[in-house]
Structure formats: C-alpha cells, structure tokens
Amino acid sequence: MSKSPPRKGSNAGRSARAGVGPTTPGAGPPPNALERGEVSGAAAGSASAALEAPRAGTRGFVWTLVLLGGLLALLFSSVFQANQVLFANDGPLAANAAACRAFPAGFRGIWQDLNWLGGSGGSGFPDLTYLCLWLLQPVGFAKFYTPITLLTLGLSAWLFFRRSGFRPAVCLLGSLAAMLNSDFFSYACWGLGTLPLAVAAWFLTLAALISGPRVGWGRATILGGLALGMAIMEGFDNGAIFSIYVAAYVMYQAWGERGSSTRRLAWGAVRTAVIAVCAAVLAAQVLTTLIGTQIKGVVGMEEPQKSSRERWDFATQWSLPKVETLGILVPGLFGYRMDTPDGGNYWGAVGQTPGWETHHQGIPRHSGAGFYGGILVLLLAAWAIAQALRKTDSPFTPGERRTIRFWAWAALISLLFSFGRYAPFYQFVFALPYFSTIRNPIKFLHPLSVALVVLFGYGLQGLFRLGLEAPAEKLASLRAHWKSWWATARPADRRWTRLALGWVIASMVGGLIYAGSSSEMSHYLQGVGFQQELADTIFHASLAAVGWYLLFLIVAVGLVALVQCRAFAGPRAKWALLLLGVVLVFDLMRADAPWVVHYDYKEKLATNPLFDLLRDRPYLRRVAVPNFEMPPQLAFFPNIVNQWEQHQFQYYNVQALEFTQLPRVPRDYAAFNKAVGSQAARLFELTNTRYLLSLAGYLDVINSTWDPQLRRFHVHTWFTLTNTLSGEITVVTNTTGPFALIEYGGALPRASLYSHWQVTTNDAETLTNLASPAFDPARTVLVDQPTPAPPSLLPTNATPVEFLHYTPKDILLSTRSDRPGVLLLIDRFDPDWHVSVDGQPAPLLRCNFVNRGVFLTAGPHQVEFRYEPSIAMFYVSLGAVLGGLALAGWVGLSSGKPAA
C-alpha cells in the first residue's frame, strides 16, 4: 500500500508531526484513506514518527508497570501482613481451598460436592484466573489475585493507547484511569477479578485491530478475535456483551470508509466473521460449559418467549435506578458496600426485589460495586465529544472524530440499557435469543466505563494538541494570560468554558439543596429500613461525598481551563502532566479505598468443637439448616450459619444440603424438591442428611411435626456462641444450648447395597413413589433402566458400604453380599461419572431419580466411581491461547517492519 504524506496545514498533518493520530479499529483503509487523515498515526506513512522507537516503548512500559504496581501496593498494602487476605464475596479463600477445587486437577474437571447432592463445576480454563489459582494456591490467590487483575487491566489499556499512536503521557494517564476506574476496581474487590481481566482482553482486542496497517490486517484481525475470546473466557456474559460492541465498531468503521456500500459492508462482515470464529475457538471450552451448566437443564432457560417473559423480574432485578446515575459522578453518594462503616452503607435500590416498595418481601437492596468514573475522566470525555462535534478547527482528524462519536453513542446506549426495568430500553435486548440468561442489565455499565476511559484518552490527546504543543508564551500573570487568551479564543472554546463553569455552578446549587434536605432524607432512609441514628450518619457521609465531588470538580475544571488556554505550553507542559496525574490518581484512589476490605483468615476460619465434629469424614453425611422463625434475641443465628456455609464449611469440606446461592435452578433439583421437599423427614432420609443446626428448644416441635411416630430426631451436641478476642464468633459446647446440632436417625447411609430394587423408567412415577409414605427407601431403590430382576426374597434393609477412599472426583467402595444387588450412592447423577467394578467398566445407573448406582453380582467387590468429563474443549482453548501468544510474539518481533 502506498504511503502519501498528509496535506500541508491539515489536522492530519499536525497529528503526524506531533506523533499522534486517531484510533481506527475497524475496516482496513481503502485507497486514499490515508490522505484523508482517517487512519491512526500508527497506520500513517511515517511509522517512526507515529510511535516511539521500540526501546522508548519498552522504557515507557517499564515506567508504567512500576507506577501502576506501586499504587496498587499502596492500596493493597494489607496483603503483605501475615495471615491477611482480601475479602471476596465471589470465590473467597475458603471456597478456593475446598478439596473439590484443587489444582491442577481442576483442569480435568471440577465436581462440587459441598452443596445439595453435588454438581458439575465445569473445569478450569486456560486463562489468567485459573493460572493464578494454580500457581499462587488459595492463600496467595486471596492476597494477590485482585491487584494482579487490575495491573493487567492497566497495562492492557496502556498498550491500547500506545497502539493508537497517543503521547506517552496519555498512555500513562489512560492506563491509570482504566486501572482505578471504580467500576472495575470495586468488582475486583468483590472477588470478580474476571471483570477487569475481561476488560483488559477487550483493550487488547482493540489494540490488535488498530494495528492492521503495521502488522497486516489478517494477523491483526486474528489476534483481535483471539483476544476477544479471552474476554469471553474470563468474563462469561460480560465478554459476550463486549463482543457485540466489537462487532458494531468494526462494522461502523467499515461503513465510514470510501467505496460502494456493498464493498464496505462486505469488508466489515468479513472482519467480523473472522473475529467471531477466532473468539469462538479460543472460548470453546467456556461456551460449552455455559451451555451445559447455565442453559441446558436449568429451569426457565430452554423455553422460548413465554419463559423469558416470566423471567423478566428475575433477570432485571439488578437494574440501575435512573437517579443513581449520579453515582457515576459522585462516589459514595449512595454509599459503597452494604456494610461499609461510618455511614458508608449502600442505601440505593440496586438489587431490590421487584415490588418491594409495596409488599416489602425479598430484599430492599444489594450491591457490592460502584461505578465512579473519575471527575477528570468525565470532564475530558465530555470535552472530547464537544470538540469532535466542531465542524471547523477541531483538534481531531476526521477519523478520530468518527471514532469519538462511536464511543459517545456506545456510552449513551450502554447507560440506557443499564436502567433495565426502570426504563423501556432493555426490553428490546431482553427479547433477543437467550439474552434473558444474562441476569443483570447493570452489566451494561461496564461498556460505559470502557467508553469513558477511551474518550478520556482522546480528550487528553486533543487537549495536549491545543494547549501544550503551542509555542510557549511568557506569563506575566495567569489573570493577564487568561484575558489575552479569552480575547482571541475561538467561539467553540469559549462556549465549552461557559458550559464547564455552568456545570460547577449547577453542582454547587444542587449540593446546597441536598444539604438542606436533612430531615427529608432521614425520613426516607428510615422508610427503607435504616434506624434513625444510622440514617443520620448515612446522610452526613453522603453529604461529605458531595463536598469532595465539588472540590475535585472545581480543581479539574480549573486545571483543564489553564491547559486549554496554553498556560502550560512549552517547557511548562511537564507541570500540566504532573498536576493532571495527581488530580486523577488522588480522586480515584480516595473513591476506591472503601472497596478494599481485608481480614485475618486464620482467625476467621479457626476451628472449634462443632467444626471438628463435622469435618471428621464429612462425606459420610450432610448437614441442613431448617428455615425456622427465630426468637428476636436469637434472630442472628441463621445469618451466622449462612456465613459458616459460605466459609468454614467450604474450608473444612463439610457437605451441606442447601445452596448458599442458586441463581439458576437445575431441573432435577427443582423436580426433586417439588416432590419431596415438603416432607422434611423424607427429604433428609433420601439425601443422607444426618445433622441439623437449629435451636435446642425446637426439638419437640421437629419430632412432632416431621416424625411424629418414630421421633428419630435427638440432640447430638449442645452449644452456644461467643466472641473471640479478635471479635470473631466461635462455638462453645455445653449442656444447655440454646443452640444444638440435632441428629436424625432416619437418614440413609451415603452408600448402601440393596437386595431389592424396582425398575421405573417414568420420572413422574419415580418422584411419586419417592414421596409416597408407602414407599420405604431403606428397603427398595428405584432404578431408571432395565436391570436383572432382584431375588424373589422379601425386601430387607440395605446394608451400608465401606468407604476405602474418597475425593470429590474419585470414590472407592468395598462391598460383600451373597446375592446380587444394586449399590446406591447418594450423590447426584451425572453422565460424566463412570463406574468400574473390580477394575472393569460397568453401566452407571440413575437411582431414586437423582442418585448414582451400579448393579453388582453376588460376592465381594471393589467399586470405583470416577468423574471424568471430556476435556477436548480445554485442549481446543489451550491450543488457541498458545497459538495466539505465538502469533503475538511474532507480530511483536516484526512490528518494526510495516506490513506489505
């Protein structure tokens, strides 16, 4: 492709001479696109001027790495203390330390055996998250995974801005804006480091796509598709959302090129198709896992429109109320986490159960994330949009202006979709095939955050061109300089300055009005569940957040105005860069600090007599927590047990009957519980639930209600709760309670050998039999496929089976019988389980609707159940990852040579 110099005096000429240019991650430039200034400086003829030399680029990367790493070390300094780990609601230390999640074995499949009867956990993916879990192990992962994900995001954003041909300072500040963005930062601190990693992969996708003129459009497109596949692998449905924006961007850029509409559409469609194929190949494992665990066999996921309409309330529960859009401007206005101290409690309505305002059923709110973008980020993003709308004298080239418009529209559309059930826009997305499986409309705030960071980069780049690259002028005084500039400023610049000043004034007026609403806010907060004292504290914390917002807004507007009027031009430019960086970092770090929560894991997970009892051969029985109404003075107990189930039970591999979270209900679970769930004794019997955690005083009620004839419930251990010196809650056994570990004598053994069985191939009939009082599950097991007829003897109680070895994915049993039988293992049936008898494969039976079993002949046997899911897709994804790394290395080594 021929390289033509930019026209003298054009915007493109200024860009090329300054070593900067627009981002064009889309269609390849047809003839004359370079001459029109519509490709990035990275793609323009003088590549040596558009980008730094490799050595300078390496130096910039190292300095960025040091600065970003240092800031993260400051924010997460607690992890360097012994026994201190970061809080994680999703993927906490205890859950990652469970035997079922051990790595590297987890790459060959995960069987989650700690809730209900077990279930498939998919398998580890060949991505950074599982690599960290494997290499760092659970404690190291709990300490360093969150900062690693944020550092990866920052460095990926730096590469994107550098590939865009932006100044080194823009690359650095853009990487800081991405890494410290409260959206990505708070999600990482909530335990969802997969989000910043997915966003990082999105930045890498864009970086690859804009490298087409330098490395070849084919290689760039393939790399972009593979990077997008990594975004899907890390981000699941977030990655899927990102892929829509990538496709729209490629098509948008293709449509903006010259040529016939057919040619432009074809070029965009080809690139989009290549990207989609490459992404699908790399994400093959996660796509098959999502279909298998999140769609197939899940209640409400496979039905078409009727089910989707019924799922509207559930799928849109986490929507952004329109008024909470202010949280993007003012961090802490609506609080932070639910439990943030000193009035920082979240008090908005994200996560509110639909209809809560009228029936007060469900939850009034639930949030663990923020969406603050940064005052300077928002200000310069708005400045970039305003400058891109200028018809003349814009600091941006036509290609840059087109790109800015795309990201502006992307930001607006993302915001509208994030409103979910609070606005009419999301219903159009919800109607798309399988889009109702994406639960949270609020996830569309992630593309909004990305768009703001990209627009911020463009704003910085344009601001530098206008205010820092002009010849330096001698400053008599700032006031005199400002008056001189204002007298000659272009109308668009004066108009922007007035708008920025109006923004400040409107914010100050709004702050004064808010400050005067103390009594109204206190009344409102009490009405949504806060006590008066806490309500007052929350309001004052919210008001303080407004004050900090006003301070940083005034500073940011003033600093941008000074840069725009060229007060920092020439040698003084370094001071502008320093001040902009200080404002950006301090603003975002003070907004991010409340999201960082840490604890001493050895104190939190310390054992006690109750845990010692339950963790002794925990695979022999399950534990349940009946949902009883508690006396007011003991109403805290269910919350304590819920914390045990999420942490201590996981850590000590205690197997519980309940799920702590179950957003997508498996079909077999729903059908089984519907059939027998109302009969507690039968449910406990069929699920090997031997222990209950409840109040000791409820024992008579339990026996008279659930087992009035046999009364097989009795207190095993009495205990009470107390606080340790560090404030953690622990158990002290006694003889008076008020709490008790109650034992149920009617629970079936975990594994039993039956001499009597009944073949029932109809699931409805099987469930009816299981729920029938006439059916005795201790004497008869129901089998769903043809099996040799049992001996013509009267049914007898099944005999327990000896466990020789137990791990979540490998169970070895020993049996002995003088007659044929069916071995029942009260674990969930899954076709990926395989069974062998005396080393020889045997047919796996589905017993009692949800359990596993195997037919045995008379005599002694060793029976082994092994969980062996297919990992073919793992190797497909791993191959794509390795291929992508190899291609990226090749491109990186040859990037100094322009593509043919």
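Right above here is the structure, for reference.
(A) A look at a nonpolar patch on the surface. On the surface, a cluster of nonpolar side chains totalling about 480 Å² of accessible area is made up of Phe-61, Val-62, Trp-63, Leu-65 and Val-66. Following the sequence through the fold, Val-66 ends up in helix H3 (residues 54-75).

(B) Focus on the sheet that holds strand S14 (residues 802-807). Taken in spatial order, the 5 strands make up an open sheet running S14-S15-S21-S17-S18, and their pairing is antiparallel. On the outer flanks of this sheet lie S14 and strand S18 (840-842), each paired with one strand and no other. The sheet shows a mean angle of 25° between the axes of neighbouring strands, direction not considered.

(C) Spatial organisation of the packing of aromatic side chains. One pass over the structure, following the stated rule, counts 66 aromatic pairs. Ring geometry for Trp-202 against Phe-242: centres 4.5 Å apart, planes inclined by 20°, an arrangement best described as stacked. Placement of Trp-202 in helix H8 (residues 194-209) and of Phe-242 in helix H11 (residues 237-255) is noted, with a sequence separation of 40 residues between them. Comparing Trp-202 with Phe-242, the two get one shared label, buried. Taken together, the ring pairs connect Phe-611, Phe-636, Phe-637, Trp-644, Phe-649, Tyr-651, Tyr-652, Phe-719 and Phe-739 into an aromatic cluster. Seen from the ring of Tyr-599, Lys-604 lies directly overhead, with NZ or CZ sitting 5.7 Å from the centre.

(D) The pairing of strand S16 (residues 821-828), seen in detail. By the criterion of burial, S16 is predominantly enclosed, with 8 of the 8 residues buried. Note that strand S10 (residues 751-754) and S16 share 4 bridges and pair antiparallel. Bridge pairing links Tyr-754 to Val-822 in S16. The pairing of S16 with strand S20 (residues 851-856) spans 6 bridges and is classified as antiparallel. Looking across to S20, one finds that Val-822 is bridged to Phe-855.

(E) View of the sheet that holds strand S5 (residues 622-624). Within the open sheet, the 5 strands sit side by side as S5-S6-S9-S7-S8. Their pairing is mixed. Strand pairing shows two members of the sheet lacking a second neighbour, S5 and strand S8 (729-734), which therefore form its edges. The average undirected angle you get between the axes of adjacent strands in this sheet is 30°. As paired strands, strand S7 (residues 713-723) and strand S9 (residues 739-744) are joined by 6 bridges and run antiparallel to one another. In the sheet register, Thr-717 faces S9, and the bridge partner there is Leu-741. Each of strand S6 (689-695), S7, S8 and S9 touches helix H28 (residues 637-646); the most contacted strand, S7, lies at about 90° to it. Across the sheet, helix H32 (residues 699-706) touches S6, S7 and S9, and the angle it forms with S7 is around 145°.

(F) Representation of the pattern of salt bridges within the structure. Tallied over the full model, the rule gives 22 salt bridges. In this structure, Arg-622 and Asp-827 form a salt bridge, with 2.8 Å as the shortest nitrogen-oxygen distance. Of the two residues, Arg-622 is situated in strand S5 and Asp-827 in strand S16; the sequence distance between them amounts to 205 residues. Overall, the relative accessible area of 0% leaves Arg-622 in the buried class. Overlapping salt bridges bring together Arg-622, Arg-750, Asp-827 and Arg-852 as one network.

(G) How the structure looks around the packing of helix H30 (residues 667-676) against helix H33 (residues 763-771). Running from N to C, H30 and H33 cross one another at 40°; their axes reach a closest spacing of 8 Å. Relative to H33, H30 is oriented oblique. Here the hand of the crossing between H30 and H33 comes out right-handed. Between H30, through Ala-671, Phe-672, Ala-675 and Val-676, and H33, the contact on the second element is made entirely by Leu-767, Leu-770 and Ala-771. Of the residues belonging to the contact of H30 with H33, the class tally is 7 nonpolar, no polar and no charged.

(H) Examining the environment of Tyr-187 more closely. Counting through the fold element by element, Tyr-187 comes out in helix H7 (residues 182-189). A C-alpha to C-alpha distance of 30 Å links Tyr-187 and Tyr-252, two positions 65 residues apart in sequence. Leave out the neighbours within four places in its chain, and Tyr-187 touches Leu-192, Gly-193, Leu-195, Ala-369, Phe-371, Ile-442 and His-446.

(I) Up close: the packing of H8 against helix H20 (residues 445-467). Where H8 meets H20, the closest approach of the two axes is 11 Å, and the angle between their N-to-C directions is 50°. Between H8 and H20, the angle is such that the two are oblique. Taken as a pair, H8 and H20 cross one another with a handedness that is right-handed. Mapping the contact onto sequence places Leu-195, Val-199, Trp-202 and Phe-203 in H8 and His-446, Pro-447, Val-450, Val-453 and Val-454 in H20. Partitioning the contact of H8 with H20 into residue classes produces 8 nonpolar, 1 polar and no charged.

(J) Region of interest: empty space enclosed by the protein. This model, assessed by the stated rule, comprises 5 cavities of 30 Å³ or more. Roughly 220 Å³ of internal volume is contained in the largest cavity. Taken together, 22 residues form the lining of the largest cavity, with Gly-327, Gly-335, Ala-369, Gly-370 and Phe-371 sitting closest to its centre. A class-by-class count of the residues in the lining of the largest cavity yields 15 nonpolar, 6 polar and 1 charged.

(K) Structural view of unusual backbone geometry. A cis amide bond links Phe-103 with the next residue in sequence, Pro-104, at an omega value of 15°. The residue Pro-104 is located in the loop between helix H4 (93-97) and strand S2 (111-112) in this model. Here the amide bond leading from Gly-737 into Pro-738 is cis, since omega sits at 15°, within 30 degrees of zero. By secondary structure assignment, the location of Pro-738 is in the loop between S8 and S9.

(L) The arrangement of the nonpolar core in detail. Counting 168 residues, the largest nonpolar core has Phe-76, Phe-203, Trp-407, Phe-456 and Leu-584 as its most contacted members. Excluding anything up to four places from it in sequence, Phe-456 contacts Leu-173, Gly-174, Ala-177, Leu-376, Val-377, Leu-380, Ala-381 and Leu-584. Ranked by size, the runner-up nonpolar core spans 41 residues in total, among them Ala-696, Leu-770, Val-822 and Leu-845.

(M) Highlighting H30. Among the residues of H30, those classed as buried are Asp-668, Tyr-669, Phe-672, Ala-675 and Val-676. One face of H30 carries all of its buried residues, which in axial projection span an arc of 140°. Elements in contact with the buried residues of H30: helix H31 (680-686), H33 and S16.

(N) Main features of the side chain of Glu-743. Turning to its location among the elements, Glu-743 is positioned in strand S9. By relative accessible area, which is 16% here, Glu-743 ends up buried. If sequence neighbours within four positions are ignored, Glu-743 has contacts with Arg-690, Tyr-691, Arg-712, Phe-713, His-714 and His-716.

The rules we used
Residues numbered from 1 in each chain as written. Predicted model: local features only at pLDDT ≥ 70, side-chain atom pairs only at ≥ 80, totals over all residues. Heavy atoms only, no water. Patch = residues over 30% accessible without salt bridge, like charges linked within 9 Å, V, L, I, M, F, W, Y side chains within 5 Å. Areas by Shrake-Rupley, 256 points an atom, 1.4 Å probe, with all protein chains shown as cover. Salt bridge = Lys/Arg side-chain N within 4 Å of Asp/Glu carboxyl O. Helix = DSSP H or I, 4+ residues; strand = E, 2+ residues; numbered from the N terminus. Pairing = 2+ DSSP bridges. Axes fitted to C-alpha atoms, helices over the stretch in contact; angles between N-to-C directions. Phe/Tyr/Trp six-rings, centres within 6.5 Å; stacked < 30°, edge-to-face > 60°. Buried < 20%, exposed > 50% of the residue type's maximum accessible area, 1.4 Å probe, protein only. Lys NZ or Arg CZ within 6 Å of the ring centre and 35° of its normal. Contact = heavy atoms within 4.5 Å. Parallel < 35°, antiparallel > 145°, perpendicular 65-115°, else oblique. Left-handed = near helix turned anticlockwise from the far one by under 90°. Nonpolar A, V, L, I, M, F, W, Y, C, P; charged D, E, K, R; others polar. 1 Å grid on protein atoms, 1.4 Å probe; cavity = no way out; pocket = protein on both sides within 12 Å on 5 of 7 lines; lining within 4 Å. Points joined across faces, edges and corners; volume = space filled by probe spheres on them. Core = buried A, V, L, I, M, F, W, Y, C linked by side-chain atoms within 4.5 Å. Arc of directions from axis to C-beta.

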